[in-house]
Amino acid sequence: RLIKTLKTVNLILSEDTRTTRKLLSRFEIKNAKLESFHDNTSEDKVNAVIKRLESGFNIALVSESGMPLISDPGYKLVKICQERNINLTVIPGPNAAISALVLSGLATDNFLFIGFLPKTEVKIKKKLEEIKNLPFTIIFYESPNRVEKLLKILFEILGDRQICLARELTKIYEECIRGSVSEVLRILQE
């Protein structure tokens, strides 16, 4: 369905056109125009996309890796489409948060997706204090460069609870490290 859709749309909006070009080339998709679209896309460009949709263009929004809108661009565009009754559909793709949840061994019946935490330690601690007593499995995204710092803060605010640190999901070097916060931190430091 995804391949068919990409072959039939007039325009493909992409977070990273270089990555998307590789995908399009792999499946010999040559008909659609490709344009950049990300969180910093101007309001003028968003409005231009809306005008194209209202005039009958079929447009696909793809993200570099993962699912549009889930810690990826597209929210503003989808919101305006819904406000203007422009028909939308979704073709689900890989989603790191759900994949990590399933692989974690932690409860999957109730979970909270946070995405990326703020960058400053003070703001991270404030956010963790807000959610620390919620009875959910909590999913965060974090860069590899900051994960050790985050684990130390998690230990301080949330305690030594069970976690799963997952990386490179659905790729060649997929890895999950499970254990208490202190155990996972020790493994990383070793």
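Residues numbered from 1 in each chain as written. Predicted model: local features only at pLDDT ≥ 70, side-chain atom pairs only at ≥ 80, totals over all residues. Heavy atoms only, no water.

Student: Quick one: what's the story with the nonpolar core, residue by residue and with numbers?
Tutor: Ranked by internal contacts, the top residues of the largest apolar core, which has 17 residues, are Ile-124, Leu-128, Leu-151 and Leu-154. Counting only elements with at least two residues in this core, the list comes to helix 6 (121-131), helix 7 (147-158) and helix 8 (181-189). Looking at which element gives the most residues to this core, the answer is helix 7, with six residues. Excluding anything up to four places from it in sequence, Leu-128 contacts Phe-140, Ile-153, Leu-154, Ile-157 and Leu-158. Counting residues in each nonpolar core, the second largest holds ten residues, with Leu-11, Phe-37, Val-49 and Ile-86 among its members. (Core = buried A, V, L, I, M, F, W, Y, C linked by side-chain atoms within 4.5 Å. Buried < 20%, exposed > 50% of the residue type's maximum accessible area, 1.4 Å probe, protein only. Helix = DSSP H or I, 4+ residues; strand = E, 2+ residues; numbered from the N terminus. Contact = heavy atoms within 4.5 Å.)

Student: Which residues make up the packing of helix 6 against helix 7, and what values go with them?
Tutor: Packing of helix 6 against helix 7 leaves a shortest axis separation of 10 Å and a crossing angle of 40 degrees. The angle between helix 6 and helix 7 places the two elements in the oblique class. Pair helix 6 / helix 7 crosses with right-handed handedness. For the pair formed by helix 6 and helix 7, the contact residues are Glu-121, Ile-124, Lys-125, Leu-128 and Glu-129 on the first element and Lys-149, Leu-150, Ile-153, Leu-154, Glu-156, Ile-157 and Leu-158 on the second. Of the residues that constitute the contact of helix 6 with helix 7, the class distribution is seven nonpolar, no polar and five charged. (Axes fitted to C-alpha atoms, helices over the stretch in contact; angles between N-to-C directions. Parallel < 35°, antiparallel > 145°, perpendicular 65-115°, else oblique. Left-handed = near helix turned anticlockwise from the far one by under 90°. Nonpolar A, V, L, I, M, F, W, Y, C, P; charged D, E, K, R; others polar.)

Student: I'd like a rundown of the packing of aromatic side chains, residues and numbers included.
Tutor: One pass over the full model with this rule turns up two aromatic pairs. Look at Phe-113 and Tyr-141: their rings are 5.1 Å apart centre to centre, the planes differ by 75 degrees, and that puts the pair in the edge-to-face class. In this pair, Phe-113 is assigned in strand 4 (residues 111-116) and Tyr-141 in strand 5 (residues 137-141), connecting sequence segments 28 residues apart. Looking at Phe-113, the relative accessible area reads 30%, which means it is partly exposed. (Phe/Tyr/Trp six-rings, centres within 6.5 Å; stacked < 30°, edge-to-face > 60°.)

Student: Summarise empty space enclosed by the protein; cite the residues concerned and give the values.
Tutor: Using the criterion set out here, one finds one cavity of 30 Å³ or more in the structure. Its boundaries defined by the atoms lining it, the largest cavity holds a volume of some 40 Å³. Forming the boundary of the largest cavity are Pro-118, Lys-119, Ile-124, Glu-142, Arg-146, Lys-149 and Leu-150. For the lining of the largest cavity, the class distribution of residues is three nonpolar, no polar and four charged. (1 Å grid on protein atoms, 1.4 Å probe; cavity = no way out; pocket = protein on both sides within 12 Å on 5 of 7 lines; lining within 4 Å. Points joined across faces, edges and corners; volume = space filled by probe spheres on them.)

Student: Run through the pattern of salt bridges, naming residues and quoting values.
Tutor: Pairing between side chains of opposite charge can happen when the charged atoms of each approach one another. Evaluated as defined, the whole model comprises 14 salt bridges. Taking the shortest distance from any N to any O, the salt bridge between Glu-175 and Arg-167 comes out at 2.7 Å. Given the relative accessible area of 33%, Glu-175 is considered partly exposed. Classification of Arg-167 by relative accessible area gives partly exposed; the value is 45%. (Salt bridge = Lys/Arg side-chain N within 4 Å of Asp/Glu carboxyl O.)

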